[in-house]
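Residues per chain, in single letters:
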Amino acid sequence: MPETLATTSTDYLSAVQAAIADALGIDEAEAVPEATLLGQLGAESIDLLDILFRVERATKVKITVADIANLLQGGIPDEEFGDENEVVNDTGLTHLEKVLPQFDRSQLSEPLTAEGVLGLFTVQNLTDLLTERARAAAAAA
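Residues numbered from 1 in each chain as written. Predicted model: local features only at pLDDT ≥ 70, side-chain atom pairs only at ≥ 80, totals over all residues. Heavy atoms only, no water.

Observations regarding the overall build of the chain
Spelled out, the test is: The numbering of helices and of strands both runs from the N terminus, where a helix is a DSSP run of H or I of at least 4 residues and a strand a run of E of at least 2. Atoms counted for the radius of gyration: C-alpha only. Globule rule: 2.2 Å times residue count to the power 0.38. Calculation of accessible area relied on Shrake-Rupley with a 1.4 Å probe; when residues are assessed, cover is drawn exclusively from the protein chains displayed. As used throughout, the charge tally considers Lys and Arg to be positive and Asp and Glu to be negative, leaving His and the chain termini uncounted. For charged residues, the charge sits on one atom: NZ in Lys, CZ in Arg, CG in Asp, CD in Glu.
Within the chain, the regular secondary structure consists of seven helices and zero strands. For the chain, the C-alpha radius of gyration of 15 Å lies close to 14 Å, the compact-globule estimate for 141 residues. When the backbone C-alpha atoms are referred to their principal axes, the chain occupies close to 45 × 35 × 25 Å. Of the roughly 7700 Å² that the chain leaves accessible, carbon and sulfur atoms contribute 52%. Across the chain, the centroid of the 8 positively charged side chains sits 10 Å from that of the 25 negatively charged ones.

Considering the confidence of the model for the chain
In plain terms, the rule: Confidence of the predictor at the level of single residues is given by pLDDT, which spans 0 to 100. By definition, residues are in contact when any of their heavy atoms lie within 4.5 Å.
For the chain, per-residue confidence averages 91 on the pLDDT scale, and 93% of positions sit at 70 or higher. The model gives residues 1-6 a pLDDT under 50, and that stretch makes 17 contacts with residues more than four places away or in other chains.

Considering the nonpolar core
What counts here: The definition of a nonpolar core used throughout is a set of buried Ala, Val, Leu, Ile, Met, Phe, Trp, Tyr and Cys residues joined through side-chain atoms within 4.5 Å. Using a 1.4 Å probe on the protein chains alone, a residue whose accessible area is under 20% of its type maximum counts as buried, one over 50% counts as exposed, and one in between counts as partly exposed.
If you look at the biggest cluster of nonpolar residues, it comprises 38 residues, and the most contacted ones within it are Ile-20, Leu-41, Leu-96 and Val-123. Those elements that provide at least two residues to this core are helix 1 (9-24), helix 2 (45-59), helix 3 (65-73), helix 5 (90-99) and helix 7 (123-140). No other element matches helix 1, which puts eight residues into this core. Residues in contact with Leu-96, not counting those within four places in the same chain, are Leu-72, Phe-81, Val-88, Phe-103, Leu-112, Val-117 and Leu-120.

Here is the structure:
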């Protein structure tokens, strides 16, 4: 898929869905935009690396686990994002609401831990990150 400003989020969604399906051995139809990678689709950390590799191979746009972590934490220091028990505090929750359109803190049934934050990341969030990176790369070229 060539990197052009005309490439849309829809184009990248199909590439992301194919990468997820291949990496996890699931049907592409299961990789719906609202599905969480680590929760609903059952990906593990190593699978996430495989997914990101496959996405890069298909799109020529590199996304790393650190990129995802940076999106989720937004440069907020650990001690400001959560407490000493790694429970995400109000500052962290407010940031997550900004960067994850599907996240609604009122839906939390228990405190969100730092470990649980990556579990919020969806197919659509990865697609949006990929689209943003591709546009930035094309604009810089």
